[in-house]
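Inside the fold
So you can see what is in the structure, the chains are spelled out below.
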Amino acid sequence: MSETLFDKIIRREIPADIVYEDDALLAFRDINPQAPVHVLFVPKRRIATLDDARGEDGTLLGRLLLAAAAYARAQGFAPNGYRLVVNCNADGGQTVFHLHVHLLAGRTMHWPPG
Ligand code: AMP
């Protein structure tokens, strides 16, 4: 799959409200937030969808989850809770084909999701 706007955000070619970065990951606020806090955790190495991830990507996927959890904890959301979401392909609601984890926090989430 070809690159997406997330590659341009990672290269700082388009602006984003970046809240976390390390050697492998970037996290920035979603432009269309669905909760008081809505942050996208993105691997710098592009994997289009979760369906494209393989065993060798396991460490990177684990780092995405741990970084999102650490951010939520640091922001004080862990005791009340929060939600992590990975949308995969059309029925999953994926619109940007660069794997990412949504962190949604700051309000009560509902189930089932829409
Ligand atoms: P998904 O639908 O799971 O692929 O999520 C893509 C997310 O990217 C959506 O929640 C969008 O609101 C968000 N998004 C799209 N463009 C930008 C942007 N330029 N900066 C930040 N978030 C964006």
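Located above this text is the structure these notes cover.
Everything in this summary refers to the structure shown in the same document.

**Focus: unusual backbone geometry**
With omega at 5°, the peptide bond leading from Trp-111 into Pro-112 counts as cis. Along the polypeptide, Pro-112 turns up in the segment after strand S5 (101–105). Of note, Asn-89 is a non-glycine position whose phi angle comes to about 60°, a positive value.

**Describing the side chain of His-100**
Position of His-100 among the secondary structure elements: in the loop between helix H3 (89–92) and S5. Among the residues examined, His-100 registers a relative accessible area of 7% and is labelled buried. In terms of polar contacts, His-100 uses its side chain to reach the backbone carbonyl oxygen of His-98, at 2.6 Å. Side chain to side chain, His-100 and His-102 meet in a polar contact 3.4 Å long. Not counting residues up to four positions away in its chain, the partners in contact with His-100 are Phe-6, Leu-40, Phe-41, Val-42, Val-85 and Val-86.

**Overview of the packing of aromatic side chains**
Aromatic ring pairs are reported here in terms of the distance separating the ring centres and the angle at which the planes meet. Tallied over the entire structure, the rule returns 2 aromatic pairs. Centroid distance Phe-6 to Phe-28: 5.3 Å. Interplanar angle 80°. Geometry classified as edge-to-face. Note that Phe-6 is positioned in helix H1 (residues 5–10) and Phe-28 in strand S2 (residues 25–29), a separation of 22 residues in sequence. A residue is classified by how much of its surface remains accessible, and Phe-28, at 3% relative accessible area, is buried. On the basis of an interplanar angle of 65° and a centroid distance of 6.0 Å, the ring pair of Phe-41 and Tyr-71 is categorised as edge-to-face. Taken together, the residues span a long stretch of sequence, with Phe-41 in strand S3 (residues 37–43) and Tyr-71 in helix H2 (residues 58–74) at a distance of 30 residues.

Thresholds, definitions, all that
Residues numbered from 1 in each chain as written. Predicted model: local features only at pLDDT ≥ 70, side-chain atom pairs only at ≥ 80, totals over all residues. Heavy atoms only, no water. Helix = DSSP H or I, 4+ residues; strand = E, 2+ residues; numbered from the N terminus. Buried < 20%, exposed > 50% of the residue type's maximum accessible area, 1.4 Å probe, protein only. Polar contact = N/O pair within 3.5 Å; in protein donor to acceptor, adjacent residues only side chain to side chain. Contact = heavy atoms within 4.5 Å. Phe/Tyr/Trp six-rings, centres within 6.5 Å; stacked < 30°, edge-to-face > 60°.

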